[in-house]
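Observations on chain architecture
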Amino acid sequence: MNFVFTVCDNAAREVCPVWPDNPSPPIGRSRSCRRRRQPTQIERAFLDSFVTLDRRIGLFLSLPLSSLDKLSLKKEVARIGRQ
């Protein structure tokens, strides 16, 4: 595998899985909170995470993968993760 998209839950203390062959780093993790939230806050956190992941995956899919070398691709993925 070259790329792996995962969603891990820091609030539930889930650990992100380790993948063999060292695929590219994540395009950024969504922010989570370890304290208890009200239902409306939980809904908002899910929506924020969805919007962030949707935007980052869209940016990833628009990369010219066939023309980027491994180092350039790694830099682009890191850049997307900061957005």
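Going by the structure above, here's the rest.
First, a word on what this report is: a plain description of the structure on this page. These numbers come from a predicted model, not from an experiment.

Turning to the packing of helix H1 (residues 39-61) against helix H2 (residues 70-82), a few remarks are in order. Their axes nearest at 9 Å, the elements H1 and H2 cross at an angle of 155°. Our classification of the angle between H1 and H2 gives roughly antiparallel. Crossing of H1 against H2: the hand is right-handed. In this structure, H1 uses Arg-56, Leu-59 and Phe-60 to contact H2, whose residues at the interface are Val-77, Ile-80 and Gly-81. Of the residues in the contact of H1 with H2, the class split is 4 nonpolar, 1 polar and 1 charged.

Here the focus is the environment of Ser-62. Within the element layout of this structure, Ser-62 appears in the loop between H1 and H2. According to the relative accessible area criterion, Ser-62 is exposed, its value standing at 55%. A distance of 2.7 Å separates a polar atom in the side chain of Ser-62 from the backbone oxygen of Leu-59.

Before going further, it helps to spend a moment on the pattern of salt bridges. Taken as a whole and judged by the stated rule, the model has 2 salt bridges. Measuring nitrogen to oxygen at the nearest pair gives 3.1 Å for the salt bridge that ties Arg-44 to Asp-48. One end of the pair is Arg-44 and the other is Asp-48, both in helix H1 and 4 residues apart, which spans about a single turn. Since its relative accessible area comes to 34%, Asp-48 is described here as partly exposed. The partner of Arg-79 in a salt bridge is Glu-76, and the shortest N-O contact between them spans 2.7 Å.

Rules behind the numbers
Residues numbered from 1 in each chain as written. Predicted model: local features only at pLDDT ≥ 70, side-chain atom pairs only at ≥ 80, totals over all residues. Heavy atoms only, no water. Axes fitted to C-alpha atoms, helices over the stretch in contact; angles between N-to-C directions. Helix = DSSP H or I, 4+ residues; strand = E, 2+ residues; numbered from the N terminus. Parallel < 35°, antiparallel > 145°, perpendicular 65-115°, else oblique. Left-handed = near helix turned anticlockwise from the far one by under 90°. Contact = heavy atoms within 4.5 Å. Nonpolar A, V, L, I, M, F, W, Y, C, P; charged D, E, K, R; others polar. Buried < 20%, exposed > 50% of the residue type's maximum accessible area, 1.4 Å probe, protein only. Polar contact = N/O pair within 3.5 Å; in protein donor to acceptor, adjacent residues only side chain to side chain. Salt bridge = Lys/Arg side-chain N within 4 Å of Asp/Glu carboxyl O.

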